[in-house]
Amino acid sequence: MKEFQERMQILLKDDYNLFVEALKKDDQKALYLNIRKDNGEHVLKSQYIQKHPYVPLGYYFDEKNYHPGRSPYYLAGLYYIQEPSAMLVATKMPIEKDDYVLDMCGAPGGKSCMVANKLGPQGLLIANDINLSRAKVLSENIERFGVDQAIVTSTDPQRFSSILPGFFDKIILDAPCSGEGMFRSKDLAEATWSLDKVHECAAIQKRLIDTAYKLLKPGGLLMYSTCTYSVEENEDNVRYAMNQYDMELIPLVHEGGMSEGIDMPEAIRCYPHRYQGEGQFMALLQKHGHEENHKYKAIKPKISHDVQNVVARFYQDNLNVALPQSLYENNGHVYKILPQFPDLGKIQILRRGLYLGEVRKNYFIPSYSLALSLKKEDFQHYYDFSEDSMEIKQWIHGEALPARGGKGYGAILVDGYPLSFYKESNAIKNLFPKGLRR
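Think of each chain on its own: its residues are numbered from 1, step by step along the sequence as written. Side-chain atom pairs in this predicted model are given and counted only at pLDDT of 80 or more, local residue features only at pLDDT of at least 70, and totals for whole chains, interfaces and linings cover all residues. Excluding hydrogens and water, the side-chain values take into account all heavy atoms of the structure.

1. Structural notes on the environment of E391
Going by this rule: By definition, any uninterrupted DSSP run of H or I lasting at least four residues is a helix, any uninterrupted run of E lasting at least two residues is a strand, and each is numbered from the N terminus.
Mapped onto the secondary structure, E391 falls in helix α12 (residues 390–397). In sequence terms E391 and E232 are 159 residues apart; their C-alpha atoms lie 54 Å from each other.

The following block contains the structure:
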C-alpha cells in the first residue's frame, strides 16, 4: 500500500494525517426512507438516528445500538440502508417526475431506489448491472421497494446503444473503480488495490462514458461517480468526456464537508476526515448537440385470456384495487407493465415492471413485490401485528400461524405496513419468500 499512501500524501498535503486517523475510525451507517410508505419516519428509533443534513429522507444511525437491517420494517421496504456519501449521487441528480433514467451499473440498488423515489407514473427507470449475480441483488432491492416503473436488466451497457440511442433524459454512471474510498468499510477493497487496477478501471470507465454519451438525449445529464480518490479515474475521465464529446460540466452545490474536485471546482469529492461518510467523487455533465429522429418500439401487453381471467378473479376476491390495464405474461409469471416501457429485444431482463405473481393451472399465487406495492386499505383481508410480536418473528422464520377463521388470501402487516401475502384455510399458510426467511 506504499504507492497508495504516497499518492494520497501528494493529493491531500497537510490533511493527510487527518485522513489516516479517519480511516482508523468506524465507518458511518445511514439509511433513507421509501417515499411510497406513508409516515415511515415514525418507525425509526429516534434516540439512535440523526437527520442527514443534505439528503431528503436520509438519516445517519448508530450501528452500535441500533440495527435497522434486522427489523421487519426493512423487509417491508420502509427504508434502504446505504453508505451516506453514496447517497449524494442520486440526491444531486436533478430528476424530474417524467424522466427516463438509466442506472448503468446499478447494483446493489441504493441509487436506483432513490431515483425511483423521485419518479412519477410517467417516468421510467432501467436499472442494469453487467454481473448477473449482482443484478439479482439489484432486482431484489427494487422488489422490496415496491417499484413499478422500473425494468431490471443484466447486460453490457453497450448493447443498449443500438436499441435506445438518444433515449434517456438522465444517466447515472457509478462506475466500477479501484475502490479506494471504501478502504475503511471493506477490507477486500484494500487487499485488491494496485496501481495497475487504477489504470485498468480508468480505461473501462472511458468506454462506459462513450456508451452513456450515445444513450443520452441532447440536453440530457450524466452523473459520473466513483468511490475512489485517483485523479485518473475521476477528473481525468471527466476531462476525457468534455474533450471527446460536446459535453459541459454543470456545477454541483457544495455543502458542509464536501470538497472540490482537483482543479475542477464544479465536481465534488468526499473524504472521511471532512465529510461524515466514505470516499466519493461525483461530477455532472450535460450533453449538447441536436436531437436526432430515433424511433423506439414500446413493449406490448402479452397475456392469454385464460391467465388474465385468473388474475382478475384474484383481484376481485382479495383486493380493493383495480387490475392493472397492461399485463405481460412469461411462462405463467405476470407483470404490470407501463406504456413507456421500451422493447429491449434480446437483452436479459430480470424484472419487467411490477411482478404480480404466478398463475398455475387455474389459480394465482401473489408475489412479495405485489404485497409491498400496496397499502393496508388495498387488502380485503389482513392481520396486523407489531414489530416485536411473536407472530412477526414466527412469520419471518417461515412458520405458519394458527387459523383465525378466515378463508383465502390476505396480507400480514407489521404495524400497518404490508410484509407479505398469506393463504388461510386450516392454518395461515406462510407466503413470505423463502430466500428472505430468518
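2. Structural notes on a negative patch on the surface
Note the cut-off: By definition, no residue in a patch forms a salt bridge, and every one has over 30% relative accessible area; like charges are joined within 9 Å, nonpolar side chains (Val, Leu, Ile, Met, Phe, Trp, Tyr) within 5 Å. Method for areas: the Shrake-Rupley scheme with a 1.4 Å probe, in which residue coverage is limited to the protein chains shown. By definition, a salt bridge exists where a carboxyl oxygen of Asp or Glu is found within 4 Å of a side-chain nitrogen of Lys or Arg. Under the counting rule used here, the positive set is Lys and Arg, the negative set is Asp and Glu, and His together with the chain ends is not counted. In this description, the location of a charge corresponds to atom NZ of lysine, CZ of arginine, CG of aspartate or CD of glutamate.
Together, E3, E6, D196 and E200 make up a region of like negative charge exposed at the surface. Where the negative patch is concerned, the elements lending two or more residues are α1 (2–12) and α8 (195–215). Its location among the elements puts E6 in helix α1.

3. Notes on the pattern of salt bridges
Quick reminder of the rule: With a 1.4 Å probe rolled over the protein chains alone, any residue whose accessible area is under 20% of its type maximum counts as buried; one over 50% counts as exposed, and the rest are partly exposed.
Counted according to the given criterion, the structure contains 20 salt bridges. The residue K217 makes a salt bridge to D169 at a minimum N-O spacing of 3.0 Å. Of this pair, K217 sits in strand β9 (residues 216–226) while D169 sits in strand β8 (residues 168–174), placing them 48 residues apart in sequence. K217 gets classed as partly exposed once you look at its relative accessible area, which sits at 24%. According to the relative accessible area criterion, D169 is buried, its value standing at 17%. Here E278 and R184 are joined by a salt bridge, their closest N and O atoms 2.6 Å apart.

4. Concerning the packing of aromatic side chains
Let me state the cut-off plainly: Any Phe, Tyr or Trp ring, taking Trp's six-membered ring, that has another such ring centre within 6.5 Å forms a pair; planes under 30 degrees apart are called stacked, those over 60 apart edge-to-face, and the others tilted. Geometrically, a lysine NZ or arginine CZ counts as sitting over a ring once it is within 6 Å of the ring centre and also within 35 degrees of the ring normal.
Taken as a whole, this structure holds 25 aromatic pairs when the rule is applied. Centroid distance F167 to Y296: 4.9 Å. Interplanar angle 75°. Geometry classified as edge-to-face. Of this pair, F167 sits in the loop between β7 (150–153) and β8 while Y296 is found in the loop between β13 (280–287) and α10 (305–318), placing the two residues 129 residues apart along the sequence. Geometrically, the ring pair formed by Y213 and Y245 is stacked, given 4.3 Å between the ring centres and 20° between the ring planes. Highlighted residues: Y213 in helix α8 and Y245 in the loop between α9 (235–244) and β10 (247–250), separated in sequence by 32 residues. This pair shows no difference in class: Y213 is buried, exactly as Y245 is. One aromatic cluster is present, built from ring pairs that chain together F314, Y315, F364, F379, Y409 and F421. Positioned over the ring face of Y213 is K287, at 4.4 Å from the centre of the ring. Looking at R352, its charged tip hangs above the ring of Y328, at a distance of 4.3 Å from the centre.

5. Digging into α1
Because an α-helix packs 3.6 residues into every turn, residues spaced three or four apart end up facing the same way. Using the following cut-off: Think of the arc as the fan of directions from the helix axis to the C-beta atoms. Only heavy atoms enter the contact rule, under which two residues are in contact if any of them lie within 4.5 Å.
Taken residue by residue, α1 has F4, M8 and L12 as its buried positions. Buried residues in α1, looked at end-on, bunch into an arc of 50°, giving them a common side. Away from its buried face by more than 90 degrees, α1 exposes K2 and I10. Contacts made by the buried residues of α1 are with α2 (16–23).

6. Topic: helix α5 (residues 110–118)
A large share of α5 lies buried, amounting to 8 of its 9 residues. Those residues of α5 that fall on the buried side of the exposure criterion are G110, K111, S112, C113, M114, V115, A116 and N117.

7. Looking at the nonpolar core
Where a protein is soluble and globular, its nonpolar side chains tend to be buried together. Keep this limit in mind: Throughout this description, the term nonpolar core refers to a set of buried Ala, Val, Leu, Ile, Met, Phe, Trp, Tyr and Cys residues connected via side-chain atoms within 4.5 Å.
Residues L44, Y79, L356, W395, I412 and L419 are the most contacted members of the largest nonpolar core, which totals 48 residues. Beyond its immediate stretch of four places on either side in the chain, L419 contacts P72, L75, A76, Y368, L372, I392, W395, I396, I412, L413 and F432. The next biggest cluster of nonpolar side chains, apart from the first, holds 41 residues, and it includes M104, F167, A267 and A283.

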